[in-house]
Amino acid sequence: MPIADVNGTKIHYRFDGPEKGDVVMFSNSLASDLTMWDYQIPPLSKAGFRILRYDSRGHGRSSVPPSPYTMEMLTSDVVALMDYLGLNQVHFCGLSLGGMVGQMLGALHGKRLLSLILCDTSSYMAQPEVWDERIALVRRVGMKGLVDATIDRWFTKTGQERLKVAVKHTREVILNTSIEGYCGSGLAIRAMDLREIIKGISVRTLIMVGEQDQGTPVSVAEFIHQQIGSSVLKVIPNAMHFVNVEQDDIFNKALMKFLSDRTSHIPLLRNG
């Protein structure tokens, strides 16, 4: 099990695909782990990309430092892992919490990126009390207290019926998430405000969002798109938050097209 000792914590990571391809680095959501990207591995590998996945601190097989965490800390973990692995540049793709990390990474370390993909994410949490409630609930009864509500935010009812194996696995990962890791990362989300800093992102950026996402809705993705002049926005139908799983075929085609079309020009306009 490959482990990188960086930033005073141990980060679990995994490589897939050919050794010499451009690296696509994936960052997981809150209460998930690197297996959430399983559906992206086959097409990317077949296309010649090298895939790097990692478990964010407090998640999966990475260590669980005491909370709170900060978005700066989580972003620093990415840069430190890249340095540890000798990677100068990567395509970076993150969903939800991973997309928040991606926004800060693009704003502060844009030269380390070949491109940026932000999925079902936000730059700001307008209702911090929601996170106070979730953290208090988890501290009181554990991850079982929010697993059902989380599944209902991540997958449509149709998706839950159609993707029973994937949903079952996702449920198990949620239940096995460290309480301390969840709360530490939740506090990072609660305190986050990236609305101004993301104006400084100039790397090619693809923003994707599920049309029915309630936690990070289309309007939030549109705001990020408006702030990042080098971005394009794709709304994926019949999907909620875990768009890369629920509509993996549409997601993968959009991702592959974006990654492969490196000669395309995205106008540097404020409205995209």
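As the structure is a computational prediction, the values presented were derived from the model and not from experiment.

### Comments concerning the overall build of the chain
Regarding its fold elements, the chain presents 11 helices and 8 strands. The C-alpha atoms of the chain give 17 Å as radius of gyration, which agrees with the globular expectation for 272 residues (19 Å, within 12%). A principal-axis box enclosing the C-alpha atoms of the chain has dimensions of 50 × 40 × 35 Å. For the chain, the proportion of its 272 residues judged to be buried stands at 54%.

### Re the sheet that holds strand β8 (residues 231-236)
Reading across from one edge, β1-β2-β4-β3-β5-β6-β7-β8 is the order of the 8 strands in this open sheet, with mixed pairing throughout. The outermost strands of the open sheet, each flanked by one partner alone, are β1 (3-6) and β8. Neighbour to neighbour, the strand axes of the sheet diverge by 20° on average, direction disregarded. Each of β1, β2 (9-16), β3 (23-27), β4 (50-54) and β5 (90-95) is contacted by helix α2 (residues 71-84), which is oriented at about 115° to β1, the strand it contacts most.

### Quick look at the nonpolar core
Counting 83 residues, the largest nonpolar core has Met71 and Phe92 as its most contacted members. Per-element tally for this core: the top contributor is α2, with 7 residues. Residues in contact with methionine 71, not counting those within four places in the same chain, are Leu97, Met100, Val101, Met104, Ala188, Ile189 and Met192.

### Topic: the pattern of salt bridges
In this structure the tally under the stated criterion is 14 salt bridges. The partner of lysine 10 in a salt bridge is aspartate 5, with the nearest N and O atoms 3.3 Å apart. For lysine 10, a relative accessible area of 43% translates into the label partly exposed. Note that arginine 53 is salt-bridged to aspartate 38, the shortest N-O span being 2.7 Å. Within this pair, whereas arginine 53 is found in strand β4, its partner aspartate 38 is found in the loop between β3 and α1 (41-46), the two being separated by 15 residues in sequence.

### Side note on the pairing of strand β7 (residues 205-210)
Most of β7 is tucked away, with 6 of its 6 residues classed as buried. Alternating residues of β7 divide into Thr205, Ile207 and Val209 and Leu206, Met208 and Gly210, and every residue in both groups is buried. In terms of strand pairing, strand β6 (residues 113-119) meets β7 through 4 bridges, oriented parallel. Bridge pairing links leucine 116 to threonine 205 in β7. Strand direction decides the pairing type here: β7 and β8, joined by 6 bridges, are parallel.

Reading the values: the criteria
- Residues numbered from 1 in each chain as written.
- Predicted model: local features only at pLDDT ≥ 70, side-chain atom pairs only at ≥ 80, totals over all residues.
- Heavy atoms only, no water.
- Helix = DSSP H or I, 4+ residues; strand = E, 2+ residues; numbered from the N terminus.
- Rg over C-alpha atoms; globule rule 2.2 N^0.38 Å.
- Buried < 20%, exposed > 50% of the residue type's maximum accessible area, 1.4 Å probe, protein only.
- Pairing = 2+ DSSP bridges.
- Axes fitted to C-alpha atoms, helices over the stretch in contact; angles between N-to-C directions.
- Contact = heavy atoms within 4.5 Å.
- Core = buried A, V, L, I, M, F, W, Y, C linked by side-chain atoms within 4.5 Å.
- Salt bridge = Lys/Arg side-chain N within 4 Å of Asp/Glu carboxyl O.

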